[in-house]
Amino acid sequence: MLIALLMIGLFMGLAGSPAQAGNSANGAKLFNANCAACHMGGNNVILAKKTLKKEALEQYGMASIDAIKNQVTKGKNAMPSFRGRLNSLQIEDVATYVLEQSQMGW
């Protein structure tokens, strides 16, 4: 009986846990190597109002891992696509880092 209760508790804990995000530490390295030239400190040197700050991400519908991954993968306007330069796991890491930094105020 005790084993059954432990198994149920373990299953409930796993089922209720959020999906794993990317690796923020790796995302920081990738961001500094690929993104910081235009987005140092969460800013945007091309379009000043479209920063990576929390308020701007929310305003432009970019305040999620999926939205950031899409933007990094496909590019848009002046931002190039990073598909081919970064693989999907690296893009997830960058998106995780960007979202985390935006929530902490850069």
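Structure: see above.
Residues numbered from 1 in each chain as written. Predicted model: local features only at pLDDT ≥ 70, side-chain atom pairs only at ≥ 80, totals over all residues. Heavy atoms only, no water.

(A) Representation of the nonpolar core within the structure. Counting residues in hydrophobic clusters, the biggest one holds 20 residues, and the most contacted among them are Phe 31, Leu 57, Ile 68, Val 72, Leu 86, Val 94 and Val 98. For this core, the secondary structure elements donating two or more residues are helix 2 (24-34), helix 5 (65-74) and helix 6 (88-104). Filtering out sequence-adjacent residues up to four positions away, Val 94 remains in contact with Gly 27, Leu 30, Phe 31, Cys 35 and Leu 86. (Core = buried A, V, L, I, M, F, W, Y, C linked by side-chain atoms within 4.5 Å. Buried < 20%, exposed > 50% of the residue type's maximum accessible area, 1.4 Å probe, protein only. Helix = DSSP H or I, 4+ residues; strand = E, 2+ residues; numbered from the N terminus. Contact = heavy atoms within 4.5 Å.)

(B) Layout of helix 6. In this model helix 6 runs 24 Å from its N-terminal to its C-terminal C-alpha over 17 residues, within 8% of the 24 Å that 1.5 Å per residue would give. Buried within helix 6 we find Ile 91, Glu 92, Asp 93, Val 94, Ala 95, Thr 96, Tyr 97, Val 98, Leu 99, Gln 101 and Ser 102. Among the structural elements, helix 2, helix 4 (54-59) and helix 5 are those in contact with the buried residues of helix 6. Two to three positions downstream of the cap, the backbone nitrogen of Leu 89 sits 3.0 Å from a side-chain oxygen, assigning the N-cap of helix 6 to Asn 87. (Expected span 1.5 Å × (residues − 1). Polar contact = N/O pair within 3.5 Å; in protein donor to acceptor, adjacent residues only side chain to side chain.)

(C) Just the packing of helix 2 against helix 6, in detail. Contact pair helix 2 / helix 6: the axes reach a minimum separation of 7 Å and the direction vectors enclose 95°. If you check the angle between helix 2 and helix 6, you find them roughly perpendicular. On the side of helix 2, the interface is formed by Ser 24, Asn 26, Gly 27, Ala 28, Leu 30 and Phe 31, while helix 6 contributes Gln 90, Asp 93, Val 94, Thr 96, Tyr 97, Val 98 and Glu 100. (Axes fitted to C-alpha atoms, helices over the stretch in contact; angles between N-to-C directions. Parallel < 35°, antiparallel > 145°, perpendicular 65-115°, else oblique.)

(D) Local environment of the packing of helix 5 against helix 6. Two elements in contact, helix 5 and helix 6, have axes whose closest approach is 9 Å; the angle formed by their N-to-C orientations is 125°. By the angle between their directions, the pair helix 5 and helix 6 is classed as oblique. When you trace helix 5 past helix 6, the crossing you get is right-handed. For the pair helix 5 and helix 6, the contacting residues are Ile 65, Ile 68, Lys 69, Val 72 and Thr 73 in the first and Ile 91, Glu 92, Ala 95, Thr 96, Val 98 and Leu 99 in the second. A breakdown of the residues in the contact of helix 5 with helix 6 according to their chemical character gives seven nonpolar, two polar and two charged. (Left-handed = near helix turned anticlockwise from the far one by under 90°. Nonpolar A, V, L, I, M, F, W, Y, C, P; charged D, E, K, R; others polar.)

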